Amino acid sequence: MWLPGGCASTVLTSLGCRSFRSCVRVLARRACNTAAFMPEAAGFEGASSRAALQDFSVSSSDSFWSAVARHRLSWIRPFHTVQDCDLSRGRIKWFEGGKLNVSVNCLDRHVHTCPERVALIWERDEPGSEVKVTYRQLLEMTCRMGNLLRRHGVRRGDCVTIYMPSCPLAVASMLACARIGAAHNVVFAGFSAVALSERIRDAQSSVVITVNQGVRGGKVTELKRTVDTAVQSCPTVRQVFVAMRTENPVVMTARDVAMEEEMLKEDVVCEPAAMDSEDTLFLLYTSGSTGKPKGLVHTQAGYLLFAALTHRYVFNYHDGDVFGCVADIGWITGHSYSVYGPLANGGTTVLFESTPTYPDPGRYWEMVQRLKINQFYGAPTAIRLLLKYGDQWVHKYDRSTLKTLGSVGEPINTEAWEWYYSVVGDRRCPVVDTWWQTETGGICIAPRPSDPDAEIVPGMAMRPFFGIKPVLMDTEGKVETSNNTSGALCIAQPWPGMARTIHNNHQRFTETYCHPYPGYFFTGDGAYRSEEGYYQITGRLDDVINVSGHRIGTAEIEDIVNQCSAVAESAVIGYSHDIKGQGVYAFVVLKKIAEVQDSDLSRQLNDMVAKKIAKYACPDCIQIVQRLPKTRSGKIMRRVLRKIVERELDGLGDLSTLDDPASVREIIQGHSDLL
Ligand code: WTA
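Residues numbered from 1 in each chain as written. Predicted model: local features only at pLDDT ≥ 70, side-chain atom pairs only at ≥ 80, totals over all residues. Heavy atoms only, no water.

Heads up, the condition is: UniProt positions are given in the numbering used here, feature names are shortened, and annotations may be inferred rather than shown by experiment.
As annotated in an unreviewed UniProt entry, the protein chain is Acetyl-coenzyme A synthetase from Scophthalmus maximus. Checking UniProt for the protein chain, the heading Sequence similarities (unreviewed entry) contains the comment "Belongs to the ATP-dependent AMP-binding enzyme family."

Given below as structure tokens:
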């Protein structure tokens, strides 16, 4: 894969709780005053302590965000209105009147001050083969790519789909879109051709950017071939740009463009488009409880500001630090904390291409030692997996550069938290359990930053970030005012990083997020607020499950299982899984005439789900049942199925509405036989 400067002419392959009482008091730097801690807060009257600053950010939200936006972002034209929002109608607008370019904020302004600073460290699959890209080089790559896209007719407002693993050319492609005013739509490179084509069609992309092959965990994947299959059903696609991740040639058709070769012909200067604050920066598809995945829309200024501010303060990121977020760029975590947050802050960010166990379970910590990583940000599922391999894989490597450990994507259980804190962090580094969503754009609840000297309770996300006002709703839809209580987690006022709409479906946006609790943003999660006022996320309230930190709607899986010719109907639920957090459990009713072996059925269903969604969504457990427990009106009682699988037979609750109570006995028996 090509890098500017150096070996330019050839296509190189080198580029590239409630009850957790064991509070841990983590002492962090003591800042003497608010302005020293947060320079943009210098003018805030009365915000003399960090707690007062937190209150100010919520009660004087316009003053807070206006000052921060002026300080943190470079504007082509200043904004005239800080916010114009009405949550009850799903109208969210920030920094109107302002014009800026996101790629200029992430690149040019740092190239002016420190062109040779490393922007990206591409941690390639093979350990020890990392590639560093400076801000000057990344700007050059971005400009060439921006010019290439323009030459192929991509215009402001178009949407470009990117199907690539984490690598510098993927980041340059995202930033090139931002430079010329096109939106990007990054699709996780583990998604199948069917899932990819659905997303390309929904986004109406005319251009797809990919690589010839992916390399992960020592295995090669045929990404270009997947794109070829996907675009067969995407009439809007005119061009496919293909970068070379490996040296193996792929079949190129008239539609395909050899990306690096063509980039080399382009100019290294690309005029940035002056974008309005509320123009779309990107779409990112995520699963909901019903229907097809939704393309959440994030816009320019508010998103970038929120990603930058949370990156700086939640992780205590300082100039010169090496930030190691191991999420793939195909997820929101990769967008906000591998790309936009760190680059807006002029940081050095790691792009991790591999897996936690390749070539062995010491991979993360060997990388921490080699790249001198200061903040490490990963998912509980990987921590749980690694702790099972034993402490020796961690002890082998020097982790003294680490200052902050982050966790994201799912609840982190106490055992994993303790191991992360004690073994990985040597009880020196605060563990920040960060709660947020694709919808929120950036971290909303985390132990930092408002009071860094205060306690962190294992397994709790703790405190709201600046400008975030969480509330818990009771079953009647009223705000719970007391502590030591649980409820539906909502956010009471808008913040700049929140998603603005669902692409082509604003009604679905308002119905999902704004209508359940009018005037509030509904997150879909439940939470507990402790006596001290700290938050702990208790899990989804809808039919979305979280498998190894990947979010998936059970309805999406059922849809595919039901397409199997032997299946009459099915119900899919999530259940507690040691490593994955949640596993996929499918109850399947076969058609009367179906003759199928259990092992064949399992293979067929797994193949189908992998082909239509991705491997991570495949059922871990399939139980064939005679019938599903249903209410008299025909609704499947998933609550009962969840209790059976969790072995909480005393808690099955009221079964009087069941059409046929015998179905439950059969399922309990079948489940025991499976174990
Ligand atoms: C879950 C990932 C507990 C939650 C950034 C949320 C968490 C969903 C945490 C969003 C956490 C995320 N503790 N649960 N620290 N972080 N979640 O959109 O259910 O892929 O709604 O964004 O993950 O997943 P998404």
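Here the narrative resumes, following the displayed structure.
### Considering the nonpolar core
Threshold: To form a nonpolar core, buried Ala, Val, Leu, Ile, Met, Phe, Trp, Tyr and Cys residues must be joined to one another through side-chain atoms within 4.5 Å. Each residue is assigned to one of three classes by its accessible area relative to the maximum for its type, calculated with a 1.4 Å probe on protein chains only: buried under 20%, partly exposed between the two thresholds, exposed over 50%. Only heavy atoms enter the contact rule, under which two residues are in contact if any of them lie within 4.5 Å.
In terms of nonpolar packing, the biggest core is built from 160 residues, with L138 and Y340 touching the most fellow members. Excluding its chain neighbours within four sequence positions, the residues that come into contact with L138 are L107, A119, L120, V133, P168, V171, A172, L175 and L343. Core analysis: the next-biggest nonpolar cluster, separate from the first, contains 31 residues, M367, V394, W419 and I456 among them.

### A short note on the site of the ligand
The test is simple: Proximity criterion: a residue is near a molecule or strand once any of its heavy atoms comes within 4 Å of it. Residues adjacent in sequence count toward polar contacts only when both atoms are side-chain atoms; beyond that, a polar contact is any pair of N or O atoms within 3.5 Å, and within protein one must be able to donate a hydrogen and the other to accept it. Residue exposure ignores everything except the shown protein chains as possible cover, and the areas themselves are Shrake-Rupley values with a 1.4 Å probe. A run of H or I in DSSP becomes a helix once it reaches four residues, and a run of E becomes a strand once it reaches two; helices and strands are each numbered from the N terminus. Here the nonpolar group is Ala, Val, Leu, Ile, Met, Phe, Trp, Tyr, Cys and Pro; Asp, Glu, Lys and Arg are the charged ones; every other residue, Gly included, is treated as polar.
Near the ligand there are 17 residues, and of these D433, T434, T438, D525 and R551 occur at the shortest range. Within the side chain of D433, an N or O atom sits 2.8 Å from a nitrogen atom of the ligand. In isolation the ligand offers 530 Å² of accessible surface; the protein chains occlude 95% of this area. For the shell around the ligand, the elements supplying multiple residues, two or more each, are helix 11 (332-344), strand 21 (431-434) and strand 29 (535-540). Looking at the shell around the ligand residue by residue, the class counts come to six nonpolar, six polar and five charged.

### Considerations on the sheet that holds strand 26 (residues 485-491)
Let me state the cut-off plainly: In this analysis, strands are considered paired if DSSP registers two or more bridges between them. Axis definition: a line fitted to C-alpha atoms, limited for helices to the stretch in contact. Angles are taken between N-to-C directions and run from 0 to 180 degrees.
With respect to topology, four strands assemble into an open sheet ordered 25-26-28-29, the strand pairing being antiparallel. One side of each edge strand has no neighbouring strand; the edge strands of this open sheet are strand 25 (470-473) and strand 29. Taking the axes of each pair of neighbouring strands and ignoring which way they run, one obtains an average angle of 45 degrees across the sheet. Sheet analysis places strand 28 (residues 521-529) next to strand 29, joined by five bridges and oriented antiparallel. Among the inter-strand pairings, D525 is bridged to a residue of strand 29, identified as R540.

### Let's talk about the confidence of the model for the protein chain
Convention followed: Every residue gets a pLDDT, meaning the predictor's confidence in that residue, from 0 to 100.
Taken residue by residue, the protein chain gives an average pLDDT of 92. The fraction at 70 or more is 94%. This prediction of the complex comes with two scores: 0.92 for pTM and 1.00 for ipTM.

### Brief notes about the packing of aromatic side chains
Cut-off, in case you're wondering: Side-chain rings of Phe, Tyr and Trp (the six-membered ring for Trp) are treated as a pair once their centres are within 6.5 Å; stacked means planes under 30 degrees apart, edge-to-face means over 60, and tilted covers the remaining angles. Should the NZ of a Lys or the CZ of an Arg lie within 6 Å of a ring centre and within 35 degrees of the ring normal, that charge is described as sitting over the ring.
Counted according to the given criterion, the structure contains 38 aromatic pairs. Grouped by ring-pair contacts, the aromatic residues F44, F56, F64, W65, W75, F79, W94, F95, F306, Y313, F465 and F466 constitute a single cluster. Over the face of the ring belonging to W122 we find R124, whose NZ or CZ atom lies 5.4 Å from the ring centre. Between the NZ or CZ atom of R199 and the centre of the ring of F191, over which it lies, the distance is 4.3 Å.

### Considering the UniProt feature "domain: Acetyl-coenzyme A synthetase N-terminal" (unreviewed entry) in the protein chain
Taking the numbering used here, the UniProt-annotated feature "domain: Acetyl-coenzyme A synthetase N-terminal" (unreviewed entry) corresponds to residues 52-106. Helix makes up 45% of residues 52-106 and strand makes up 15%, while its end C-alpha atoms are separated by 31 Å.

### Here we look at the sheet that holds strand 16 (residues 294-299)
The eight strands are arranged 13-12-9-7-8-15-16-27 in an open sheet whose pairing can be described as mixed. The open sheet has two edge strands with one neighbour each: strand 13 (256-258) and strand 27 (501-502). One ladder, built from two bridges, connects strand 16 with strand 27; its direction is antiparallel. Paired with V297 across the bridge in strand 27 is T501.

### Considering the pairing of strand 16
Looking along a regular strand, one sees the side chains alternate between the two faces of the sheet. For strand 16, the tally of buried residues reaches six of six residues, placing the bulk of the element in the interior. On strand 16, burial covers both faces: K294, L296 and H298 on one face and G295, V297 and T299 on the other are all buried. With six bridges joining them, strand 15 (residues 280-286) and strand 16 adopt antiparallel strand pairing. Within strand 16, the position partnered with T286 by the bridge is K294.

### A look at the pattern of salt bridges
Close approach of charged atoms allows side chains with opposite charge to pair. So the rule is basically this: Note on definitions: salt bridges are taken to be side-chain nitrogens of Lys or Arg within 4 Å of carboxyl oxygens of Asp or Glu.
Scanning the entire structure with this criterion turns up 39 salt bridges. Put simply, E198 and K292 hold a salt bridge, and the shortest N to O gap is 3.6 Å. Of the two residues, E198 is situated in helix 7 (residues 193-203) and K292 in the loop between strand 15 and strand 16; the sequence distance between them amounts to 94 residues. On the basis of relative accessible area, E198 is assigned to the partly exposed category, the value being 24%. Of the charged contacts, one joins K265 and E262 as a salt bridge, the two residues approaching to 2.7 Å between their closest N and O atoms.

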